[in-house]
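Residues per chain, in single letters:
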Amino acid sequence: MSRPDSPPTPPLRERSRQHSWARVFIPVALILVWLVGASLGGPLFGKIDEVSSNEQTTYLPESAQATEVQQLLGEFNDSDSIPAIAVFTSEDELTQSELDAISDAVAEASTVEGVGEDVSPALPSDDGQAVQAFIPIDSDAELADTTTALGDELRAAVPDGISVYITGPAGFSADLVAGFAGIDGLLLGVALLAVLVILVLVYRSFLLPLVVLSTSLFALCVALLVVWWLAKFEVLLLSGQTQGILFILVIGAATDYALLLVARFREELRVAQDKGVALLAAWKGSVEPIAASGGTVIAGLLCLLLSDLKSNSTLGPVAAIGIVFAMLSALTLLPSLLLLFGRAVFWPRRPRFEPEVVAAEHGMRTTGLWARLAGLIKRRPRVIWIVTTLVLVAGAAGVTQLDANGVPQSDLVLGASEARDGQVALGEHFPGGSGSPVYVVVDEDRLQDAADVLLANDGIDAVSVTAADSPSGTAPVTEDGITAVGPPGTPAPDPTTVDGQVLLQGTLIDAADSAAAAATVREVRSDLGDTKALVGGVTATSIDTNDASIHDRNLIIPVILLVIMLILMLLLRSILAPVLLILTTVLSFGTAMGVSALVFNGIFDFPGADPAVPLFGFVFLVALGIDYNIFLMTRVREESKQHGTREGILRGLSITGGVITSAGLVLAATFAALSVIPILFLVQLAFIVAFGVLLDTFVVRSLLVPALTYDIGKAIWWPSKLWRRGED
C-alpha cells in the first residue's frame, strides 16, 4: 500500500503514453547528440596535417643521442630548416656553359617560395658529370609543394640533357608527405566502400548497411574531434601512420560491434512481437561481449604506453580513444536507430515473429553451413584440432624468414620516388652520404680528438666543423686541425661554440640510410666513448629508432599477453579456457607472420620490415583476434549453463558462426584498405592483419577452438562453477 504522502500512481493508459514518449524521445536525443559531434568532427578530416608531424626525431625518446643532437642543431646553425640536395647529372662531362647555367639556377633557388636564403654554391663532382647543391627548405613551408616547385624551377633553368633530382632529408620527407596525402580521402573512401559491399552481400538489405555504416562513420568523426584537439594542445602526438590506423580501427571495430548487436536483435525479433522488448533483450545479450571485446583491445593498446618510441606510445591512447567511441556508438547510436526503424531496417528480408518455429528449433538452426560444421566437430573433434594445429605450426615456421631489423629511408615509400632516384645518382658521382652527414657535438677542447676518430674511420670521407666566419658556414678539419677556406694566407676560422661545445660533420661514403652507413655510425659512437660526444644525424636517428622499436617489441608483447589473459579470466570465470584461447591466438599470429614473411620475400620482394611491424601486427591480431573468441565463448558459456558444455559449444558455434564470419570479413577488408597508401609499413601491416583476421575467423575460431574445447569438455571451465557441475 502506498504511503499517504506518496503521489498517486498514474493510470495504466497514462503510463503507457509516458513509456511511448520516452521510447521516441531518448533515441532521438541520442541521435542528435551524435549528429552534433559528427558535424563538429567531420570538417577536421582535411585539417589533420595542422596538428600532425611525420618528422622521425619527434618520436624518439628524449634520452636518445639523435634527439639531443637534433635539439642542438638549431643553436649551431641558427636555423631549423630541412636540407634538400639538388643533384644535376649528365651522361657526358658538363661543359663550362652548362656549369655556369647550373650555378645561376642554384643562385636563384632562394626565390622559390619556401626556400631559405643560405643556398650553397654549386659543387661539381670529380668526374665532371654531376653537380650538387645544398638548399635549405623552411620548416614551416609546405614540404611537398616546395620541393616540387624547386625541382620544376631548376629543370626550367638548366640546358636540355641535364637531369635534375631533389633528394636528401627534404626530398624523402616530401615523399612521405605525398604518400600520406590519400589518407583523408582515398583510404577512407576505399574502407567505407569495402564495408558497404560486404554488408549488402551479408544482409541483402538496402537500409541496414547504411545504418551500420553511419554508426561507424559517426564514431570516427567524434573520435577524430577528440584526438584533433588533444593533438592541438600537444597532449598527444599525431602522425600520418597513426591517423591511418585510427581510421581503419574505428571503422572496423564499430562495424564488428554493430554486427553483433544487429544479429542479436534479429534473433530476438523472432520471439518478441514488440521491437522495444526485442531490442532490450538484444542489448543485454550484447553489452557484455562488446564491453569485454572493446576493453580487451583498449587494454592491449594502452600497453603501448610502455614504449620508448613515441610513435608507438602515442598510438596507444589515440587508438584507444577510437575504440571507446566505436563501443559507445554501437551501444547507443545503433540501438537508437534500430528502435526507430524496427523490423523495417531489415527490408526486404524482415524477420518474422515466429516463436513456435524458434521453440521447435530449440533456439538453434539445424540446417546450414554452421550447423553442418558443428555436426562435423561433434563427430571428429580430436582429429580436427590436431590437424588444424599442425597446419598452423607449419605456417608459423616461415617466421624465421622475416627480416624486421629496419629498412632504408629510401624504401619507406613504394612506387616511383624522385628522392630515391636522386640518391642513386648522388652515390654514382659523390660520397653517398653527401647532404646527410654524421653530426657530432663535443666539448671544444676535445674537437681534434673527435675529428681524429672520424677521420680514422673508413666509412667517413671528410670532416668539417661549423664555423660562422667561414663563407660556407663550415671549415674542413684535418689531422693538423681546422683548415682555412679561401686564398693562401687566409686564417683558419674559429669554430662556432654553444655552451662550450662545437658541431662536427662527417660526410659518409655510403648512403645515409644504408646498412654500411649504420655500421659506420655505430663504430663512431663506440670509438667516441671517451670523449662524451653526442652523435646524431639521419643515420643515427634511424639507428636509435630501430633500437627503441626492438626494445619495445620485446617488452610490450609479453605484457599484452598477460593483460589480455587476466581480462579473459575475469570474463569467463575460468583459468584453463583463457590460457587455451591465448595460445590459439598466438599460434594464429605466428602463422600469419610466417606466411607474411614468405609473401613479402617471395612475391613482393620487399627490402625488409620495420621492427615495429611485428609489434603492431601482434597488437592488432591478438587484441582484435581475441574478440572473435570472446564473441564465441561468451555465447558458449551462456548456452552451456542451460544445455551443458559440449552441447553449448555446438550451439554457440551454430548461432554465432554467421555474424562472427561477417565481422571478420569486415575487419579484414578495412585493414586491407591500408594498402592503398603507398607506405611500406602500412602495406605490410595491412597484409598481416587482413590475412591474420581471415585465418583467425575461418580456421582458428571455426575449427580449432570449438574442436579443442569440445574434446576437453566441461574441464574447459576449470575452476568455475560450470566445471563443478555434473556431467554434460
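Predicted model, so just to flag it, every value in this text is computed and none were measured.

Student: Please provide a residue-by-residue account of the sheet that holds strand β10 (residues 534–536), values included.
Tutor: Within the open sheet, the six strands sit side by side as β8-β7-β6-β9-β5-β10. Their pairing is antiparallel. In this open sheet, the two edge strands, each paired with only one partner strand, are β8 (481–482) and β10. Examined bridge by bridge, strand β5 (residues 438–443) and strand β9 (residues 501–508) share six bridges and lie antiparallel to one another. In the strand pairing of β9, Val-440 is matched with Leu-504. Strands β5, β6 (460–466), β9 and β10 of the sheet are contacted by helix α2 (residues 65–77), whose axis makes an angle of about 85 degrees with β10.

Student: Any details on empty space enclosed by the protein? Residues and values, ideally.
Tutor: Counted under the stated rule, the structure contains four cavities of 30 Å³ or more. The space that makes up the largest cavity amounts to roughly 100 Å³. Surrounding the largest cavity, 15 residues form its lining, Gly-168, Phe-172, Gln-423, Ser-436 and Ala-512 being those nearest its centre. Breaking the lining of the largest cavity down by element, the ones donating at least two residues are α5 (168–179) and α15 (418–429). The element that contributes the greatest number of residues to the lining of the largest cavity is α5, accounting for three residues. Taken together, the residues of the lining of the largest cavity break down into six nonpolar, eight polar and one charged.

Student: If you had to explain the packing of aromatic side chains to someone new, which residues and values would you point to?
Tutor: According to the stated counting rule, one finds 14 aromatic pairs in the structure shown. Summarising the aromatic geometry, the rings of Phe-600 and Phe-606 are spaced 5.4 Å apart at their centres and angled 50 degrees between planes, so their arrangement reads as tilted. This pair shows no difference in class: Phe-600 is buried, exactly as Phe-606 is. With a centroid separation of 5.5 Å and an interplanar angle of 50 degrees, the aromatic rings of Phe-620 and Phe-671 are classed as tilted. Of this pair, Phe-620 sits in helix α20 (residues 612–643) while Phe-671 sits in helix α21 (residues 645–672), placing them 51 residues apart in sequence. Three or more aromatic residues joined by ring pairs make a cluster, and in this case those are Phe-600, Phe-604, Phe-606, Phe-687 and Phe-691. Positioned above the aromatic ring of Tyr-710, the side-chain terminus of Arg-646 is 5.6 Å from the ring centre.

Student: Give a detailed account of helix α14 (residues 381–396), specifying residues and quantitative values.
Tutor: Residues that lie three or four places apart on an α-helix share one face, since the helix turns once every 3.6 residues. Helix length check: α14, at 16 residues, gives a terminal C-alpha distance of 23 Å against a target of 22 Å (1.5 Å per residue), a fit within 8%. Among the residues making up α14, those that are buried are Pro-381, Ile-384, Thr-388, Leu-392, Gly-395 and Ala-396. Considered in projection along α14, the buried side chains sweep an arc of 95 degrees and stay on one side of the axis. In α14, the exposed positions that point more than 90 degrees away from the buried face belong to Leu-390 and Ala-394. Tucked inside the fold, the buried residues of α14 contact α13 (369–379), α19 (576–604) and α22 (680–712).

Student: Give me the packing of α13 against α21: which residues, what numbers.
Tutor: Close contact between α13 and α21 brings their axes to 8 Å; oriented N to C, the two are set at 135 degrees. Relative to α21, the element α13 lies oblique. In the crossing of α13 with α21, the sense of the turn from one axis to the other is right-handed. Packed against α13, whose contacting residues are Trp-370, Ala-371, Leu-373, Ala-374, Ile-377 and Lys-378, the element α21 presents Leu-650, Leu-653, Ser-654, Gly-657, Gly-658 and Thr-661 at the interface. Taken together, the residues of the contact of α13 with α21 break down into seven nonpolar, four polar and one charged.

Student: Lay out the sheet that holds strand β1 (residues 82–89) in plain terms, naming residues and giving numbers.
Tutor: Across the sheet, which stays open at both edges, the four strands sit in the order β2-β3-β1-β4 with antiparallel pairing between neighbours. The sheet terminates laterally at β2 (123–124) and β4 (163–167), the two strands that pair on one side only. In the packing of helix α4 (residues 143–157) onto the sheet, the strands contacted are β1, β3 (130–137) and β4, and the crossing angle to β4 comes to about 160 degrees. Across the sheet, α5 lies against β1, β3 and β4, angled at about 100 degrees from β1, the strand it touches most.

Student: Please give an account of a negative patch on the surface that cites residues and values.
Tutor: Together, Asp-443, Glu-444, Asp-445, Asp-469 and Asp-494 make up a region of like negative charge exposed at the surface. Of note, Asp-469 is situated in the loop between β6 and β7 (474–478).

Reading the values: the criteria
- Residues numbered from 1 in each chain as written.
- Predicted model: local features only at pLDDT ≥ 70, side-chain atom pairs only at ≥ 80, totals over all residues.
- Heavy atoms only, no water.
- Pairing = 2+ DSSP bridges.
- Helix = DSSP H or I, 4+ residues; strand = E, 2+ residues; numbered from the N terminus.
- Contact = heavy atoms within 4.5 Å.
- Axes fitted to C-alpha atoms, helices over the stretch in contact; angles between N-to-C directions.
- 1 Å grid on protein atoms, 1.4 Å probe; cavity = no way out; pocket = protein on both sides within 12 Å on 5 of 7 lines; lining within 4 Å.
- Points joined across faces, edges and corners; volume = space filled by probe spheres on them.
- Nonpolar A, V, L, I, M, F, W, Y, C, P; charged D, E, K, R; others polar.
- Phe/Tyr/Trp six-rings, centres within 6.5 Å; stacked < 30°, edge-to-face > 60°.
- Buried < 20%, exposed > 50% of the residue type's maximum accessible area, 1.4 Å probe, protein only.
- Lys NZ or Arg CZ within 6 Å of the ring centre and 35° of its normal.
- Expected span 1.5 Å × (residues − 1).
- Arc of directions from axis to C-beta.
- Parallel < 35°, antiparallel > 145°, perpendicular 65-115°, else oblique.
- Left-handed = near helix turned anticlockwise from the far one by under 90°.
- Patch = residues over 30% accessible without salt bridge, like charges linked within 9 Å, V, L, I, M, F, W, Y side chains within 5 Å.
- Areas by Shrake-Rupley, 256 points an atom, 1.4 Å probe, with all protein chains shown as cover.
- Salt bridge = Lys/Arg side-chain N within 4 Å of Asp/Glu carboxyl O.
- Lys, Arg positive; Asp, Glu negative; His and termini not counted.
- Charge placed at Lys NZ, Arg CZ, Asp CG, Glu CD.

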